[in-house]
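Listed below are the residues making up each chain.
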Amino acid sequence: MNHETSRDLYDRALSVLPGGVNSSVRATQPYPAFIERGDGGHVIDADGNRYIDYVMGYGPLLLGHDLPESVRAAIQSSMSDGPMYGAPTEIEVELAEFVARHVPSVEMLRFVNSGTEATVSAVRLARGYTGREKIVVMQGGYHGAQESTLVAGDAENARSSSPGVPQTFAEHTIPVPFNDSEAIEEVFETHGEEIAAVLTEPLLGNTAGVPPVEGYHEQLRELCDESGALLIFDEVMTGFRVGGLQCAQGKLGVTPDLTTFAKIIGGGFPAGAVGGPAEILESFTPAGNVFQSGTFSGHPVAMAAGLETLRYAAENDVYDHVNRLGEQLRTGIADIVSDRAPGYTILGTDSMFKLVFTRAGTSDIDEACIPGYRQTPDSDCFDHCPKTGADVESAETDRWDRLFRPAMKEEGIFLTANQLESQFVSDAHTDEDVEQTLEAYKEFFE
Ligand code: PLP
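Residues numbered from 1 in each chain as written. Predicted model: local features only at pLDDT ≥ 70, side-chain atom pairs only at ≥ 80, totals over all residues.

Draft legend 1. Looking closely at the sheet that holds strand β14 (residues 352-356). Ordered by their spatial adjacency, 3 strands build an open sheet running β13-β14-β16, and the pairing between neighbours is antiparallel. In the strand order of this sheet, the two ends are held by β13 (345-347) and β16 (423-424), each with one partner. Two strands pair when backbone bridges link them, and β14 and β16 are joined in this way by 2 bridges, in the antiparallel orientation. From the neighbouring strand, M352 faces β16, where its bridge partner is F424. Across the sheet, helix α11 (residues 318-340) lies against β13 and β14, angled at about 15 degrees from β14, the strand it touches most. (Pairing = 2+ DSSP bridges. Helix = DSSP H or I, 4+ residues; strand = E, 2+ residues; numbered from the N terminus. Contact = placed C-beta atoms within 7 Å. Axes fitted to C-alpha atoms, helices over the stretch in contact; angles between N-to-C directions.)

Draft legend 2. Focus on the domain arrangement of the protein chain. Domain parsing of the protein chain yields domain 1 (4-66 + 318-445) and domain 2 (69-315). In this structure, domain 1 and domain 2 have C-alpha centres spaced 25 Å apart. Tallying the contact residues gives 32 residues for domain 1 and 34 residues for domain 2. Elements with a minimum of two residues in the side of domain 1 that touches domain 2: α11, β14 and α12 (389-393). Looking at which element gives the most residues to the side of domain 1 that touches domain 2, the answer is α12, with 4 residues. Each residue belonging to the side of domain 1 that touches domain 2 can be placed in one class, and the counts come to 16 nonpolar, 11 polar and 5 charged. (Domains from an automatic or database assignment. Nonpolar A, V, L, I, M, F, W, Y, C, P; charged D, E, K, R; others polar.)

Draft legend 3. Looking closely at the nonpolar core. In this structure, A126, V136, A197, V198, L230 and I232 are the most contacted members of the largest nonpolar core, which totals 115 residues. Among the elements that line this core, the one with the most residues is helix α10 (residues 300-315), at 9 residues. When residues of this core are assigned to domains, at least three fall in each of domain 1 (4-66 + 318-445) and domain 2 (69-315). Among all residues touching I232, those that are not within four sequence positions of it are A122, A126, A197, V198, L199, P256, D257, L258 and T260. (Core = buried A, V, L, I, M, F, W, Y, C linked by C-beta atoms within 7 Å. Buried ≥ 20, exposed ≤ 12 C-beta atoms within 10 Å, placed from the backbone.)

This is the structure in structure tokens:
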């Protein structure tokens with residue numbers, strides 16, 4: 001493949017954009033593919049190379065790059081009426097009504113513009129509502145570029161994970177290992193009265209999709225109820241992808257107090273939201289006194305894109321299609337690596353998939369495991385599935401960065417930049433795309 005134009009564009013970008021990009025994960029080495037356009041389940045770069053796209057905008061594009069006519073018409077009609085007004089519109093009420101009808105825990109929503117803004121607002125709301133300051137997060141979880149969650153370490157030694165984040169934020173954040181029942185019990189024994197919220201992804205989508213073990217979210221629910229803390233599910237990635245329109249909370253059967261959304265809720269445009277019961281949501285200004293505001297919040301074009309995307313998914317067999325292809329990819333890749341790279345693990349559920357280059361606990365592996373929510377501690381795959389963020393972080397990231405991802409790109413398969421970011425199937429992907437993808441995985445491992 002010829003990549004000259006991308007290389008030249010990257011050279012120009014390095015002079016005017018720090019690191020040549022506007023979001024750090026995009027800076028793949030030696031230079032990223034600059035994308036010119038999308039086409040169904042594919043993207044075409046500035047040199048005319050075509051790729052099967054499993055990045056899908058890092059999750060928002062449930063329907064792929066060619067929006068169905070109804071979605072495109074709604075976006076165009078909203079744009080032609082004028083971009084935005086700084087006043088309420090009917091479309092934001094309609095989207096809120098749609099989400100409240102489908103997502104078990106949601107009665108009301110406050111729309112914002114991104115996943116980061118949603119988690120910032122949810123944390124502030126939880127602190128304001130409970131009058132407490134500490135939040136518990138999972139090691140290996142990701143909640144966007146926000147001060148309260150850019151925190152590393154453990155319960156005894158939390159520290160900010162980026163220069164520029166004051167250590168005082170880390171003092172109010174307690175990181176615990178995901179799926180560790182004892183660790184969370186201990187944290188609540190010590191700090192129960194001070195905890196405003198437990199903030200967790202339903203599965204660790206930013207560390208390849210480490211699944212929850214049975215009973216873990218139920219335990220979080222109970223501990224929060226006993227102590228008066230709020231349980232926040234960060235469904236920015238899983239929302240309207242895992243568990244269909246009910247989201248991961250519907251699939252899990254656990255009801256959080258608050259839910260954060262972004263990605264699919266904006267149908268490919270910048271939007272996010274915090275949802276929950278009126279009793280809590282009405283603490284936001286102007287109904288209550290927890291300050292929250294935004295010039296672009298509830299942007300009509302993003303609301304139209306989100307609403308029509310979700311309506312289209314509700315009226316067509318989108319989730320059956322993407323989940324079927326997701327399953328084909330997971331089982332197909334599991335078959336390939338079980339012979340050729342035993343011990344590597346395929347993670348993901350519904351339309352998310354990721355091959356993790358980890359050999360942790362591999363000696364007794366006969367088959368690569370395909371975990372899902374039904375996984376239990378006694379199931380066959382449990383002993384060799386990563387259970388915490390740390391298990392996955394031990395993966396061979398160098399092999400992914402230097403060999404695998406570039407080789408797949410040359411084969412026309414566009415994967416997320418690093419070893420730990422999940423990948424996404426869209427409604428526009430086809431059986432042929434999956435076959436071609438599995439062929440490329442096979443060739444690499446041979
Ligand atoms: N929360 C989760 C679970 C995410 O996956 C992400 C982004 O990938 C965010 C929050 C941040 O969202 P955004 O990038 O829209 O700010």
